[in-house]
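Chain and residue survey
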Amino acid sequence: MGRKKSRQFDGISARDDGVPESSGGWRTWPRPVDDRAWVDLDGSVWRMRGGPLDAKQARRLMKRPDVHVVRAYELTVAEVRGAERDALLVRVEEFFAGNAPAYVEFELGDFRDQSHQVTLMVQENC
């Protein structure tokens, strides 16, 4: 099987993974870390630097309060802030420590836009 094609989905770059939606049609799940790119709802293009982050690289970004944290889960890709951001980063730490619930997996990426803003993309898989 070849690489899945990227396309726009609700303003978000996504792959066509052939995930069925309830209406009987087909719906795609956004996978920014796999696609190495993401287009936000404002039309800004975010590109991943390097490969998926290991624990050390991710922790470096997680410590920086100026870094935006975006979560990709199921059909949603959205920035998380405040207590929600903190709770997500605690879950990521638990994953790195081997204490995540069964079947929970995170892939993280360092994304930059045209003006060099930094986003930590947290792609959650179950």
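Since the structure is predicted, the reported quantities are computational estimates derived from the model, not experimental observations.

Notes on the pairing of strand S9 (residues 118-125)
For S9, the tally of buried residues reaches 8 of 8 residues, placing the bulk of the element in the interior. Residues Val118, Leu120, Val122 and Glu124 point to one face of S9 and Thr119, Met121, Gln123 and Asn125 to the other, with burial holding for every one of them. Of the pairings in the sheet, the one linking strand S6 (residues 68-73) to S9 comprises 6 bridges and is parallel in character. Looking at S9, one finds that His68 is bridged to Thr119. Where strand S8 (residues 105-112) lies against S9, 8 bridges are found, and the strand directions are antiparallel.

Things to note about the pairing of strand S5 (residues 45-49)
Burial along S5 is one-sided: the face carrying Trp46 and Met48 is buried and the face carrying Val45, Arg47 and Arg49 is not. Summarising the sheet, strand S4 (residues 37-39) and S5 pair through 3 bridges and their orientation is antiparallel. Within S5, the position partnered with Val39 by the bridge is Val45. What sits between S4 and S5 in their antiparallel hairpin is a turn of 5 residues, with Gly43 showing a positive phi close to 90 degrees.

Some remarks on helix H3 (residues 82-96)
Taking 1.5 Å per residue, 15 residues should reach 21 Å; H3 reaches 21 Å between its end C-alpha atoms and fits that length. Residues of H3 that are buried include every one of Arg85, Leu88, Leu89 and Val92, and no others. Along the long axis of H3, the arc covered by the buried residues comes to 100 degrees, so they all point the same way. Once H3 finishes, Gly98 follows within two positions and takes phi at roughly 80 degrees, a positive value.

Conventions we followed
Residues numbered from 1 in each chain as written. Predicted model: local features only at pLDDT ≥ 70, side-chain atom pairs only at ≥ 80, totals over all residues. Heavy atoms only, no water. Buried < 20%, exposed > 50% of the residue type's maximum accessible area, 1.4 Å probe, protein only. Helix = DSSP H or I, 4+ residues; strand = E, 2+ residues; numbered from the N terminus. Pairing = 2+ DSSP bridges. Expected span 1.5 Å × (residues − 1). Arc of directions from axis to C-beta.

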